[in-house]
Amino acid sequence: MINARELLRATSVKDLNRARVIRAVMVQPAPQNRIAQLTMLSEATVSTTVRSLVTEGALATEPGPDRSKWVRLGDDVRGVAVGVDLGYTRVTVAVRNVGETRIHVATEAAGLDVGQPDWLDVTVDLIGTLVAEVDATPADVVSIGMAEPGGVDPRDGVVTMQSMPPLVPAEGDPVTVLSRRLGLRVVADNNANLGAYAEFLYGSSRDASILVYVWADSNINAGIIIDGAIMRGANGFAGELGHLTVDRNGPVCRCGSRGCLEAYIAERRLVDEVRAVYSTGTRSMPTMPTTLDGVIERAVMGEPVDCMVLRDAGSHLGFALAQLSNILNPDKIVIGGGLSEARDPRLLLDPLSDAFKQYALRPVSQVPVMFTELGHEGPVRGAIALGLNSHQTA
C-alpha cells in the first residue's frame, strides 16, 4: 500500500508540483486540462507529472464520462480526508477515502450555541466513528478541513469574526481548539465560501467564471468564486451579504447596524415572525414552529402566514442579490442553507426573481438563480476539498 500522507510530503519544487497534482486528483478525478486549471500549473507540467506518478502507481488513468482520459488515484493509495461543518446549532462531519467520491456523513445537534466542550466532544467522536466506518485509523487521516460561520483571515487562517454568540471563546478559536485536541492540522474557511467551492467542484456550476453561492440559514452569507478561486477579501470578510443594508430604518442587527438583510431573513427572525402572528392573532396552532424547517413545512401545507413570511424573505433576498450582482455580474447564483428547502417556486424563487429583475441592471438580471444540488452537504464537501488542497497536510 502507498501512504497518501507520504505522497504529499514535499522538499523541492518538483515535489511541490507532484503534491499539487495529487491533491487535485484527491479532490476529484479529472482530465489533465482540468487539473491544470485547478492547480494553476501548465498542461505540460501536469502531463509530465501524471506520467511519472502513473509509473509509480500513485495515479492511474481511465476513460471519463466525456470519453477523454481522466486521472484518478492509484488503487494502492491509502488515506482518508475529513471535513467538519461547525454551525450554531449542529455539527456535521464527513469522511471519505481519498481515492473515492462517496462520503460518509453524520450530523449531531451540537454547535457554537451549545459551547465547549460539547461541540468539541461531539466533533471528535463523529470523526473517530466515521474514520472507523471506512476501515481506516487516525494514522490514515491526510487532511482536515472545517467550515464555520465566521470570517477567517486568509493570511493566517485565524477565525476573526466576533459574533453573537462569540465564535472565539476563551479556550481559543474553533480551528485551534480542534487541532490541539486531535493533534492534527486543521484548516478552515467560512461555510458560505466552502459551499460555493463545493458547488464549483461538484455541483452544477463547474463552468461558472463568477459564481455566487448564498448560505441562507441561521446566518446569511455569500461565497464568491472567481475563475475557480475563492474570493476572501483582505481580512476574510468578502461576501457578507447578510450585513448588506436593505432598509436604513430597519430593525437593529446583531452586528450593531440597522436594516441588514440578516435581520430580515435569518432563521430565528422568520420563526419569530410566524410565532408572533399566531400568538397575538385570533388564529391558533396546535404546534408553533420552532425551526425554519417547521415554517417551510407549514408553508408547503398552505398555511398563509408561513407562505407570506417566506415570500417576503425571497423578496428581500432578491433585492440584496440585485445589488451584489450589479457589482459582480455573476453568471450563476446558487441558493443553499435552510431556505433552499423551500423548493416550491411560489414560496421563495418567484418573489426572489421578481425583486431581482426589478433592481438588477437588465443584462445582469438574466443570470440564472437556482437551488443547490448538494443540499446541506455543500459546506462539508467544500471543507474536505479545502483540507486536501492545503499546502500542508495533517
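Residues numbered from 1 in each chain as written. Predicted model: local features only at pLDDT ≥ 70, side-chain atom pairs only at ≥ 80, totals over all residues. Heavy atoms only, no water.

Enquirer: Could you clarify how one ought to interpret the overall build of the protein chain in this entry?
Expert: The secondary structure content of the protein chain amounts to 13 helices and 15 strands. The C-alpha atoms of the protein chain give a radius of gyration of 22 Å, which matches the 21 Å a tight globule of 394 residues would have. Taking the principal axes of the C-alpha coordinates as reference, the protein chain spans close to 75 × 50 × 40 Å. Across the protein chain, every contact between residues at least 6 apart in sequence was considered, and the portion connecting residues at least 24 apart equals 63%. (Helix = DSSP H or I, 4+ residues; strand = E, 2+ residues; numbered from the N terminus. Rg over C-alpha atoms; globule rule 2.2 N^0.38 Å. Contact = heavy atoms within 4.5 Å.)

Enquirer: Help me understand the sheet that holds strand β3 (residues 59-63) in this model?
Expert: Remark on secondary structure: sheet strands pair via backbone hydrogen bonds, oriented parallel or antiparallel. Strand order in the open sheet made by the three strands is β2-β4-β3, with antiparallel pairing throughout. Of all strands in the sheet, those bounded by a partner on one side alone are β2 (30-31) and β3. Bridging between β2 and strand β4 (residues 69-73) involves two bridges; their strand directions are antiparallel. Paired with Pro31 across the bridge in β4 is Trp70. (Pairing = 2+ DSSP bridges.)

Enquirer: What am I meant to see in the packing of helix α7 (residues 191-202) against helix α13 (residues 378-389) here?
Expert: The description of two helices packed together rests on the angle between their axes and the distance between the axes. α13 packs onto α7 with a crossing angle of 85° between their chain directions and a minimal axis gap of 7 Å. On the basis of the axis angle, α7 is roughly perpendicular to α13. Residues Asn191, Leu194, Gly195, Tyr197, Ala198, Leu201 and Tyr202 of α7 pack against Gly378, Pro379, Arg381, Gly382, Ala383, Ala385, Leu386 and Asn389 of α13. When the residues that make up the contact of α7 with α13 are grouped by side-chain class, the tally is nine nonpolar, five polar and one charged. (Axes fitted to C-alpha atoms, helices over the stretch in contact; angles between N-to-C directions. Parallel < 35°, antiparallel > 145°, perpendicular 65-115°, else oblique. Nonpolar A, V, L, I, M, F, W, Y, C, P; charged D, E, K, R; others polar.)

Enquirer: Help me understand the packing of aromatic side chains in this model?
Expert: Two aromatic rings are characterised by how far apart their centres lie and by the angle between their planes. In this structure the tally under the stated criterion is one aromatic pair. Arranged with centres 4.8 Å apart and planes meeting at 90°, the rings of Phe319 and Tyr359 form a pair that is edge-to-face. Here the residue Phe319 occupies a position in helix α11 (residues 304-328), and Tyr359 occupies one in helix α12 (residues 349-359), the gap between them amounting to 40 residues. A cation sits over an aromatic face here: Arg34 above Phe200, 4.9 Å from the ring centre. (Phe/Tyr/Trp six-rings, centres within 6.5 Å; stacked < 30°, edge-to-face > 60°. Lys NZ or Arg CZ within 6 Å of the ring centre and 35° of its normal.)

Enquirer: Would you take a moment to explain the confidence of the model for the protein chain for this structure?
Expert: A residue-level look at the protein chain finds 93% of positions with pLDDT of 70 or above and a mean pLDDT of 89. Per-element confidence in the protein chain ranges from a low mean pLDDT of 85 for helix α1 (residues 4-7) to a high of 97 for α12. (pLDDT = per-residue confidence, 0-100.)

Enquirer: Looking at this structure, I do not really get helix α5 (residues 118-133). What am I missing?
Expert: Note that an α-helix has 3.6 residues per turn; residues three or four places apart therefore point the same way. The end-to-end C-alpha distance of α5 is 22 Å, a good match for the 22 Å that 16 residues give at a rise of 1.5 Å each. Of the positions making up α5, those classed as buried are Trp119, Leu120, Thr123, Val124, Leu126, Ile127, Leu130 and Val131. Along the axis of α5, the buried positions cluster into a sector of 160°, meaning they face one direction only. Away from its buried face, by an angle of more than 90 degrees, α5 presents the exposed residues Asp125 and Thr129. Against the buried residues of α5 lie β6 (80-86), β7 (91-97), β8 (104-108), β9 (141-148) and α6 (174-182). With its phi angle positive at about 60°, Asp135 sits one or two positions after the end of α5. (Expected span 1.5 Å × (residues − 1). Buried < 20%, exposed > 50% of the residue type's maximum accessible area, 1.4 Å probe, protein only. Arc of directions from axis to C-beta.)

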